[in-house]
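Listed below, chain by chain, are the residues.
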Amino acid sequence: MNLKLLGEVYVTLLVIVDPPGMVPVFLALTGTMPARARMKAGTQAVLLALGVIVGFAVAGQTLLDYLHVQLPALRAAGGLLLVLVALQLLTGKTDEPAEQGGTSNVALVPIGTPLLAGPGAIVTTMLFVRRAHGPTDYLVIGVGILLVMLTVWVVLRFSDVIVKLLRPAGIEVLTRIAGLLLAAIAVQLIADAINEFVRGYTAA
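What you see is a predicted model; the values in this text were computed from it and never measured.

Colleague: Give a description of the packing of helix H4 (residues 71-91) against helix H5 (residues 105-116) that names residues and reports values.
Modeller: Two quantities define a packed helix pair, namely the angle between the axes and the distance from one axis to the other. Their axes nearest at 10 Å, the elements H4 and H5 cross at an angle of 140 degrees. For the element pair H4 and H5, the recorded crossing hand is left-handed. From H4, Gly 78, Leu 81, Leu 82 and Val 85 reach across to H5, where they touch Val 109, Pro 110, Thr 113, Pro 114 and Leu 115. Residues belonging to the contact of H4 with H5 are distributed by class as follows: seven nonpolar, two polar and no charged.

In structure tokens:
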């Protein structure tokens, strides 16, 4: 097994996904849920992110080429989606959790994607796949993605401890801070996409 490639995949994706940075946003979106529902939301988000990243790793470039979509467009779309979520957090008008036994929307969007499986993680994975030489490297990349998602799940799983410490008032403050951070991330994603578009057309 190519341990160097495994280390590169794990460290690079872990930095991009940023599990510690995900905790405030995760708590802001799920802090009012019962503990069991919050754990379920975390698991669903990680599974969706894993599916999206693996899907793009396998057929991402083919799909984008077929739809005539450039990577900057994907980045900008993720930024616009995060703008909507950030506005909800900043104004306090977040969606109510799903009924007990149902699937919580926030677990899928925006936590699963585009926060965990965002443009950065998707593009990075596609670049690693392009560098791969043979089935062994593909297997190593897959193991690296699994390890990253497992790390994220563990971090989200134990975020319940933070909820108990913060209490409702702390969650309210954290929600506003998370909204501001998400807005900044969204603006950066859109700015990067515009910059890539401009550079592409200028080079052409």
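Colleague: Please provide a residue-by-residue account of the environment of Pro 19, values included.
Modeller: Checked against the element boundaries, Pro 19 lands in helix H2 (residues 19-30). With 177 residues separating them in the primary sequence, Pro 19 and Glu 196 have C-alpha atoms 27 Å apart. Once you skip the residues sitting within four places of it in the chain, Pro 19 turns out to touch Leu 14, Val 152 and Val 155.

Colleague: Residues and numbers for the layout of surface pockets, please.
Modeller: Space inside the largest pocket adds up to approximately 430 Å³. What lines the largest pocket is a set of 20 residues, among which Ile 16, Val 17, Pro 114, Leu 115 and Ile 185 lie closest to the centre. Secondary structure elements with two or more residues in the lining of the largest pocket: helix H1 (3-17), H2, H4, H5, helix H6 (119-131) and helix H8 (159-203).

Colleague: So, helix H3 (residues 35-67): which residues are in play, and what are the values?
Modeller: Taking 1.5 Å per residue, 33 residues should reach 48 Å; H3 reaches only 41 Å between its end C-alpha atoms and comes up short. If you look at H3, its biggest bend is around 75 degrees, right at Ala 59. Two residues or fewer past H3, His 68 is found with a positive phi of approximately 60 degrees.

Colleague: Requested: an account of the confidence of the model for the protein chain, with residues and values cited.
Modeller: With 93% of its residues at a pLDDT of at least 70, the protein chain reaches an overall mean of 84. Below a pLDDT of 50 lies the segment residues 96-103, which in the model reaches eight contacts outside its immediate sequence neighbourhood of four places, other chains included.

Colleague: Go over the pattern of salt bridges, please, and point to the residues and values.
Modeller: If you walk through the whole model with that rule in mind, you get two salt bridges. Between Arg 131 and Glu 8 there is a salt bridge, with the nearest N and O atoms lying 2.9 Å from each other. Taken together, the positions of Arg 131 in helix H6 and Glu 8 in helix H1 put the pair 123 residues apart, joining distant regions of the chain. For Arg 75, the salt bridge goes to Glu 196, with nearest N and O atoms at 3.1 Å. Of this pair, Arg 75 sits in helix H4 while Glu 196 is found in helix H8, placing the two residues 121 residues apart along the sequence. On the accessibility criterion, Arg 75 (16% relative accessible area) is buried.

Colleague: An account of the packing of aromatic side chains is needed here, citing residue identities and associated values.
Modeller: In this structure the tally under the stated criterion is zero aromatic pairs. A cation sits over an aromatic face here: Arg 157 above Phe 158, 5.5 Å from the ring centre.

Colleague: Give me the lowdown on the nonpolar core, citing residues and values where you can.
Modeller: Ranked by internal contacts, the top residues of the largest apolar core, which has 54 residues, are Leu 116, Ile 141, Met 149 and Leu 182. Elements that contribute at least two residues to this core include exactly H1, H2, H3, H4, H5, H6, helix H7 (135-157) and H8. A per-element tally of this core places H3 first, with 10 residues. Ignoring sequence-local partners within four residues, the contact set of Ile 141 consists of Leu 5, Val 9, Phe 128, Val 129 and Ala 132.

Colleague: I'd like to hear about the side chain of Ser 159, residue by residue, with values.
Modeller: For Ser 159, the position within the fold is in helix H8. Once you skip the residues sitting within four places of it in the chain, Ser 159 turns out to touch Val 23, Phe 26 and Leu 27.

Colleague: Lay out the environment of Pro 135 in plain terms, naming residues and giving numbers.
Modeller: Checked against the element boundaries, Pro 135 lands in helix H7. For the pair Pro 135 and Val 83, spaced 52 residues apart in sequence, the C-alpha to C-alpha distance is 39 Å.

Here is what the cut-offs are and how they apply
Residues numbered from 1 in each chain as written. Predicted model: local features only at pLDDT ≥ 70, side-chain atom pairs only at ≥ 80, totals over all residues. Heavy atoms only, no water. Axes fitted to C-alpha atoms, helices over the stretch in contact; angles between N-to-C directions. Helix = DSSP H or I, 4+ residues; strand = E, 2+ residues; numbered from the N terminus. Left-handed = near helix turned anticlockwise from the far one by under 90°. Contact = heavy atoms within 4.5 Å. Nonpolar A, V, L, I, M, F, W, Y, C, P; charged D, E, K, R; others polar. 1 Å grid on protein atoms, 1.4 Å probe; cavity = no way out; pocket = protein on both sides within 12 Å on 5 of 7 lines; lining within 4 Å. Points joined across faces, edges and corners; volume = space filled by probe spheres on them. Expected span 1.5 Å × (residues − 1). Bend = angle between axes of the 7 residues up to and from the residue. pLDDT = per-residue confidence, 0-100. Salt bridge = Lys/Arg side-chain N within 4 Å of Asp/Glu carboxyl O. Buried < 20%, exposed > 50% of the residue type's maximum accessible area, 1.4 Å probe, protein only. Phe/Tyr/Trp six-rings, centres within 6.5 Å; stacked < 30°, edge-to-face > 60°. Lys NZ or Arg CZ within 6 Å of the ring centre and 35° of its normal. Core = buried A, V, L, I, M, F, W, Y, C linked by side-chain atoms within 4.5 Å.

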